[in-house]
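Examination of the molecular architecture
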Amino acid sequence: LREIFLGEETRFGVVLTPQKLPVEIAKRTLEELESLGVKVNYLFVNKVKSEKEVKEVEENIPNGKLILIKEQEKEPIGIMITIRGKDATTLLKNC
């Protein structure tokens, strides 16, 4: 199992919202995974309302590969999301 988790083809992501407590929890999660040798490839930031929130996440979790998901009026259905105007499905396959 460890071999699978640490394999080159394995990708991990941490999901958080841009509030203080979720950011702190994500930061601790990243540190713990890193100490185990697990590389986290993405940080999915849900319910983003402003650039200010993005900057706060970037300040607290530097060097993170942020995937920003804007807050929606309705709950999104399906897996299609966009990353700064690009199709996330294609971007994730190429990372």
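Quick note: structure is the one above.
As a starting point, this report considers the structure included with it. (Residues numbered from 1 in each chain as written. Predicted model: local features only at pLDDT ≥ 70, side-chain atom pairs only at ≥ 80, totals over all residues. Heavy atoms only, no water.)

**Structural notes on the side chain of Glu53**
Assignment of secondary structure puts Glu53 in helix H3 (residues 51-60). Despite its burial, Glu53 remains without a salt bridge, the nearest opposite charge being carried by Lys49 at 5.3 Å. Beyond its immediate stretch of four places on either side in the chain, Glu53 contacts Pro18, Lys47 and Val48. (Helix = DSSP H or I, 4+ residues; strand = E, 2+ residues; numbered from the N terminus. Buried < 20%, exposed > 50% of the residue type's maximum accessible area, 1.4 Å probe, protein only. Lys, Arg positive; Asp, Glu negative; His and termini not counted. Salt bridge = Lys/Arg side-chain N within 4 Å of Asp/Glu carboxyl O. Contact = heavy atoms within 4.5 Å.)

**Topic: the sheet that holds strand E1 (residues 13-16)**
Here we have 3 strands laid out as an open sheet, ordered E1-E2-E3, and parallel in their pairing. The two strands at the open ends of the sheet, each matched to only one other strand, are E1 and strand E3 (66-70). For this sheet, the mean inter-axis angle between neighbouring strands, taken without regard to orientation, is 20 degrees. Taken together, the 4 bridges between E1 and strand E2 (residues 42-48) define a ladder with parallel strand orientation. Directly across from Val15, in E2, lies its bridge partner Phe44. Sheet strands touched by helix H2 (residues 20-35): E1 and E2. Its angle to E1, the strand with the most contacts, is close to 165 degrees. (Pairing = 2+ DSSP bridges. Axes fitted to C-alpha atoms, helices over the stretch in contact; angles between N-to-C directions.)

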